[in-house]
Amino acid sequence: MIINRLIAKNWRNFQQINVPLRERQFIVGPNASGKSNLLDIFRFLRDIAKAEGGGLQKAINDRGGVSKIRCLSVGQDPEIAIEIHIADTPDASAMWRYSIGFRQADLGHCQTHLTYERVWREDELLLDRPDADDNEDPDRLTQTALEQIAANAKFREIGGFLRNVTYLHLVPQLIRFADSIQGKIIEDDPFGQAFLERVAGVHPSTRHARLKRIERTLKIAVPQFEKLEFIRDNRGRPHLQAHYSHWRSNEQEQHEDQFSDGMLRLIGLLWSLLESNSVILLEEPELSLNMGIVSKLAPSISRLQRNRGSQVLVSTQSDVLLIEPGIDGREVLMLTPSKEGTVVKPSSDFDDVCVLLKNGFTVGEVVLPQTHPKHIGGLVLPE
Ligand SMILES: Nc1ncnc2c1ncn2[C@@H]1O[C@H](COP(=O)(O)OP(=O)(O)OP(=O)(O)O)[C@@H](O)[C@H]1O
Ligand SMILES: [Mg+2]
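Described in the following lines is the structure provided in the data block.

Definitions and cut-offs
Residues numbered from 1 in each chain as written. Chains lettered and ligands numbered in written order. Predicted model: local features only at pLDDT ≥ 70, side-chain atom pairs only at ≥ 80, totals over all residues. Near = placed C-beta within 6 Å. Helix = DSSP H or I, 4+ residues; strand = E, 2+ residues; numbered from the N terminus. Nonpolar A, V, L, I, M, F, W, Y, C, P; charged D, E, K, R; others polar. Axes fitted to C-alpha atoms, helices over the stretch in contact; angles between N-to-C directions. Parallel < 35°, antiparallel > 145°, perpendicular 65-115°, else oblique. Left-handed = near helix turned anticlockwise from the far one by under 90°. Contact = placed C-beta atoms within 7 Å. Pairing = 2+ DSSP bridges.

Quick notes on the site of ligand 1
Taken together, 16 residues lie around ligand 1, and N13, K35, S36, N37 and L72 are the ones closest in. Of all elements in the fold, only α1 (35–49) and α3 (66–69) reach the threshold of two or more residues within the shell around ligand 1. Considering each element in turn, the shell around ligand 1 owes the most residues, three residues, to α1. Residues of the shell around ligand 1, tallied by class, amount to four nonpolar, eight polar and four charged.

Next up, the structure:
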């Protein structure tokens, strides 16, 4: 299953979003145009679907409250709304539709209240809140049906699907300096601080199979690299261990704290692509990687996504990542900031883009230059 349409209102720097989504979807736009904010909508849906230690109130509090989420460029409308359509393929009609609106409760209440929550299976409306129970006890509107086991028997599939949304934006320094930082690990570990525990938590045969596949890629991507293994040290702590062919001693191995930034990023990226068969969110996967590798990411993502039946949403700033001729204009969402918030459209909605793509140009050549700031020619770094 994939999310084949996203509709949203008043979410951060977007007043309105209504876009179709493909199995592999790139999100491009200038700095601060909202690429990460857009990906965060899917993390938000994952968070509200969590029955234990999650739910609507926590998802909103973790983001600083409704006032931080609600679009600042919008006038009076206090409501934030999200709707997703879930289907088997991008062009199929929706099997499920899930739709919520919420707003800050009136003065005197610190909690956020749902203004509505609706679920459709195909065209059948299965849930339509507020219902009679909500009207009798309005505090019920502080929780979504997704987070209440007793309330979602008819559409539990949606909650299960959303809870599997994966986001990993691995920050190599957090792994390399883990001992010195000894920091608090953010819930769901978005920055890979506990990446080794994540690897350790997988069944040994699955872990072995995944690491072998990653090893095959690393052998091509990283000169002299030979072997990647999972080990535990004498204190039982998990490690990744690499061996390089140019080392004289067969005994010498390197642990993850000595891996390069690019190698750690690539391992994290491949791991998350192999891990999930739901929605996978990738933030600028090109970071720290050699351009030769970046130019192969789009077809590799496509292959892995097809094999696993997952959906991959990728924010990127890299024209090299989008240089593959096989990328369809519909697979790229363009974010264009305006006074009324950022506008989101598939690049195939622009006639000039379509003409150039038909004439053999690639998305990287045509679309990325359009995201460059207008007056970029005048950019000078301060002396
Ligand atoms: N509630 C809000 N209303 C309006 N704008 C907001 C709101 N919350 C955040 N923003 C704006 O969103 C922008 C940041 O968006 P985001 O981090 O998603 O950009 P990005 O495209 O990922 O940028 P980068 O390429 O630098 O990573 C900031 O300019 C911030 O002011
Ligand atoms: Mg960003």
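Picking up after the structure, the text goes on.
Remarks on the packing of helix α9 (residues 204–221) against helix α10 (residues 261–275)
Where α9 meets α10, the axes come as close as 10 Å, and the angle between the chain directions of the two elements is 140°. Relative to α10, the element α9 lies oblique. Every pair of crossing elements has a handedness; the one defined by α9 and α10 is right-handed. Of the residues in α10, those touching α9 at R210, R213, I214, T217, L218 and A221 are M263, L266, I267, L270, W271 and L274. Grouping the constituent residues of the contact of α9 with α10 by class yields nine nonpolar, one polar and two charged.

Description of the sheet that holds strand β13 (residues 311–315)
Read from one edge of the open sheet, six strands run β8-β12-β13-β3-β14-β15, paired in mixed fashion. The open sheet has two edge strands with one neighbour each: β8 (166–167) and β15 (343–346). Pairing of β8 with strand β12 (residues 279–283), which is carried by two bridges, proceeds in the parallel orientation. Paired with T166 across the bridge in β12 is I280. Running at roughly 155° to β12, α1 makes contact with β3 (24–28), β8, β12, β13 and β14 (332–336) of the sheet.

That's the geometry; what it means functionally is another story.
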